[in-house]
Amino acid sequence: VRGSPDSRSVALTFDDGPHPETTRAILDVLARDGDRATFFVVGERVDRHPDVVREIVAAGHSLGVHGYRHAPLHSWWSPRAIARDIEQARDAVERAVGVRPRCFRPPIGIVSPRTAAGAKRAGAPIVLFSLRSGDGIVTRADAVVRRVTGRLGAGDIVLLHDAPRRGDRRPASIDALPRILDRIRALGLATVGVEALVGEEPDAAPGRLSS
C-alpha cells in the first residue's frame, strides 16, 4: 500500500493503459525531467498496442499487470480464474516487450479473499495505493491536483490513470501531472518505480518468485 517515509521518494502508478494517445501524453510529461513511474497495464490493451508498451519500457518505466480484461467483478472470480487472468496478462506483456511483470493490481483496486488466493497462486505480489487521485471520476485537473498534493508525502503510492477504463475520455491526470511533479520536487522527493519503493524485484519470471 505504501513505502517507508524514510525513502524520500514516491511512486506514481498509472492504471488502465496502454492507450496510443493518452499513455504517450503521460510519457511526454514524465520525460521532461526524467521522472519514473510504474504502469499497471491491461492485457488485452497490451495485445492491441504493444508498441506503446515498448515505449513505456524504453523510457525507463516499470510494468505491472492490471488483469487481462479489467473485469468489474474480478474479485468474485475463483482463485484459479484470477491466477489464470494474471498469467494471461503477463503473457501479453512478455509477447510485447520480453519481460514478465511481477506485481499485480486488481481491477477496481478490490482485494477479496479470492483475489488474494489467486494472486498467491500466480506468485504475484498485490500492490495497491496510499493516495487515490480521483482522476477516474473527476474531469477537472485542478481537483486531481488538490487531492494529490494536499496529502502527498514520502512513501506514498499514488493512483493515477493513463487511459480511460472505457471510451476515449482524456484522463484528468494528464493535465494535473506537471503540477503534481512540481509539488513532489518542492517536497524534496524523488519519483521511483513502485518496486524500488516497496522492495520488490521488478519484471521477474514467475519461477524466480518466493511464495
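Here the residue index of a chain counts from 1 through its sequence in written order. Reporting in this predicted model follows two pLDDT cut-offs: at least 70 for local features of residues, and 80 or more for side-chain atom pairs to be given and counted; totals over whole chains, interfaces and linings ignore these cut-offs and use all residues. Side-chain metrics rest on all non-hydrogen atoms present in the structure, leaving aside hydrogens and water.

**Observations regarding the overall build of the protein chain**
So, step 1. Under the DSSP-based scheme used, a helix requires at least four consecutive residues in state H or I and a strand at least two consecutive residues in state E, with every element numbered from the N terminus. Within the protein chain, the regular secondary structure consists of eight helices and six strands.
So, step 2. What you see for the protein chain is a C-alpha radius of gyration of 16 Å, in line with the 17 Å of a compact globule of 211 residues.
So, step 3. Each principal axis of the C-alpha distribution contributes one length, and for the protein chain these read about 45 × 40 × 30 Å.
So, step 4. Only protein chains enter the accessibility calculation, which uses a 1.4 Å probe; a residue is then buried when its area is under 20% of its type maximum, exposed when over 50%, and partly exposed in between. Scored against the burial criterion, the 211 residues of the protein chain give a buried share of 55%.
So, step 5. It only takes one pair of heavy atoms within 4.5 Å for two residues to be counted as in contact. Counting contacts in the protein chain only where the partners sit at least 6 residues apart, residues at least 24 apart contribute 78% of the total.
So, step 6. Treating the 32 positive side-chain charges of the protein chain as one cloud and the 26 negative ones as another, the clouds have centres 6 Å apart. Our radius of gyration is a C-alpha quantity, and the globule rule it is checked against amounts to 2.2 Å times the number of residues to the power 0.38. Charged residues are defined here as Lys and Arg on the positive side and Asp and Glu on the negative side; His and the ends of the chain fall outside this count. Charge positions are represented by NZ for Lys, CZ for Arg, CG for Asp and CD for Glu.

**Some words on helix H1 (residues 22–31)**
So, step 1. By the criterion of burial, H1 is predominantly enclosed, with seven of the 10 residues buried.
So, step 2. Those residues of H1 that sit buried are Thr22, Thr23, Ala25, Ile26, Leu27, Val29 and Leu30.
So, step 3. Packed against the buried residues of H1 are strand E1 (9–15), strand E2 (37–41), helix H3 (50–58) and helix H7 (173–186).

**Observations concerning the side chain of Asp35**
So, step 1. Structurally, Asp35 can be placed in the loop between H1 and E2.
So, step 2. Residue Asp35 is classed as buried on the basis of its relative accessible area of 6%.
So, step 3. The definition of a polar contact used here is a pair of N or O atoms within 3.5 Å, where within protein one atom must be able to donate a hydrogen and the other to accept one, and adjacent residues in sequence count solely through side-chain atom pairs. Reaching out from Asp35, the side chain makes a polar contact with the side chain of Thr191 at a distance of 2.8 Å.
So, step 4. Not counting residues within four places of it along the chain, the set of residues in contact with Asp35 comprises Leu30, His61, Leu181, Arg185 and Thr191.

**A short note on the nonpolar core**
So, step 1. By nonpolar core is meant a set of buried Ala, Val, Leu, Ile, Met, Phe, Trp, Tyr and Cys residues that side-chain atoms within 4.5 Å join together. The biggest cluster of nonpolar side chains holds 50 residues, and the ones touching the most others in it are Leu12, Phe14, Leu30 and Phe39.
So, step 2. Ranked by the residues each element gives to this core, the list is headed by helix H4 (residues 79–97), at eight residues.
So, step 3. Listed in part, the 11 residues of the second largest apolar core include Phe40, Phe129, Ile157 and Leu159.

**Overview of the environment of Val52**
So, step 1. Assignment of secondary structure puts Val52 in helix H3.
So, step 2. For Val52, a relative accessible area of 0% gives the class buried.
So, step 3. Those residues in contact with Val52, other than ones at most four positions away along the chain, are Pro18, His19, Pro20, Thr23 and Arg24.

**Some words on the packing of aromatic side chains**
So, step 1. Pairing of aromatic rings covers Phe, Tyr and Trp, the last through its six-membered ring, and needs centres within 6.5 Å; plane angles under 30 degrees mean stacked, over 60 mean edge-to-face, and all others mean tilted. Tallied over the entire structure, the rule returns one aromatic pair.
So, step 2. Between Phe14 and Phe39, the aromatic rings sit 5.2 Å apart at their centres with planes inclined by 20 degrees, giving stacked as the arrangement. Linking Phe14 in strand E1 with Phe39 in strand E2, this pair joins segments that are 25 residues apart in sequence.
So, step 3. Above the ring of Phe40, the side-chain terminus of Arg105 is found at 4.4 Å from the ring centroid. As a reminder, the over-ring test applies to NZ of lysine and CZ of arginine, requiring each to be within 6 Å of the ring centre and within 35 degrees of the ring normal.

**Focus: the side chain of Arg105**
So, step 1. For Arg105, the location among the structural elements is in the loop between H4 and helix H5 (113–122).
So, step 2. In this structure the side chain of Arg105 is engaged in a polar contact, spanning 2.9 Å, whose partner is the side chain of Asp15.
So, step 3. Every residue in contact with Arg105, bar those within four places of it in the chain, is listed here: Thr13, Asp15, Phe40, Val65, His66, Val127, Leu128, Phe129, Ile157 and Leu159.

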